[in-house]
Amino acid sequence: MAYDAAVFLEAADEASAGDSPRFELLTHAVKLGDAEAMDRPHPLPKALVLLGEAALAEGRYALAYRMASRRLDISWSPRARRLLDALPPDLGAE
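Residues numbered from 1 in each chain as written. Predicted model: local features only at pLDDT ≥ 70, side-chain atom pairs only at ≥ 80, totals over all residues. Heavy atoms only, no water.

1. Some details on the nonpolar core
Thinking step 1. F23, L26, V30, L51 and M67 are the most contacted members of the largest nonpolar core, which has 23 residues in total.
Thinking step 2. The biggest single contributor to this core is helix α4 (residues 45–57), with seven residues. (Core = buried A, V, L, I, M, F, W, Y, C linked by side-chain atoms within 4.5 Å. Buried < 20%, exposed > 50% of the residue type's maximum accessible area, 1.4 Å probe, protein only. Helix = DSSP H or I, 4+ residues; strand = E, 2+ residues; numbered from the N terminus.)

2. Points about the side chain of R22
Thinking step 1. One can find R22 in helix α3 (residues 22–37).
Thinking step 2. For R22, which is buried and forms no salt bridge, the nearest opposite charge comes from E10, at a distance of 4.2 Å.
Thinking step 3. Within polar-contact distance, the side chain of R22 engages the backbone oxygen of A6 at 3.1 Å.
Thinking step 4. Leave out the neighbours within four places in its chain, and R22 touches A6, L9, E10, D13, L50 and A54. (Lys, Arg positive; Asp, Glu negative; His and termini not counted. Salt bridge = Lys/Arg side-chain N within 4 Å of Asp/Glu carboxyl O. Polar contact = N/O pair within 3.5 Å; in protein donor to acceptor, adjacent residues only side chain to side chain. Contact = heavy atoms within 4.5 Å.)

3. Regarding the pattern of salt bridges
Thinking step 1. Counted by the stated rule, this structure contains three salt bridges.
Thinking step 2. Where D85 meets R81, a salt bridge forms, and the shortest distance between an N and an O atom there is 3.0 Å. On the criterion of helical spacing, the pair formed by D85 and R81 is a turn pair, its members being four residues apart in helix α6 (residues 78–86).
Thinking step 3. Relative accessible area serves as the criterion here: at 53%, D85 is assigned to the exposed category.

4. Examining the packing of helix α5 (residues 61–74) against α6
Thinking step 1. Running from N to C, α5 and α6 point in directions that differ by 150 degrees, and their axes come no closer than 9 Å. Our classification of the angle between α5 and α6 gives roughly antiparallel. Pair α5 / α6 crosses with left-handed handedness. Between α5 and α6, the residues in contact are A64, Y65, A68, S69, R71 and L72 and A80, R81, L83 and L84, respectively. (Axes fitted to C-alpha atoms, helices over the stretch in contact; angles between N-to-C directions. Parallel < 35°, antiparallel > 145°, perpendicular 65-115°, else oblique. Left-handed = near helix turned anticlockwise from the far one by under 90°.)

Written out as structure tokens, the structure reads:
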């Protein structure tokens, strides 16, 4: 439900320049997925990319990098790859 609510708020978040609860809902969806997944891949890989994109928009580059990398660990995702390409080039060098 947190993921669905975040998707529903996408247009409102863009219109309000990120001043909606969308980021928090995506964070919650990722946390719930981690708790439920245990030893399996995240049940909502889209939530990882959406949270990464939201983090990039807010300048949270390390979080964006982690979410895109986690998504790519599950399977190939052009959207996650584009997210990594949009990050500063020295970010993954740590």
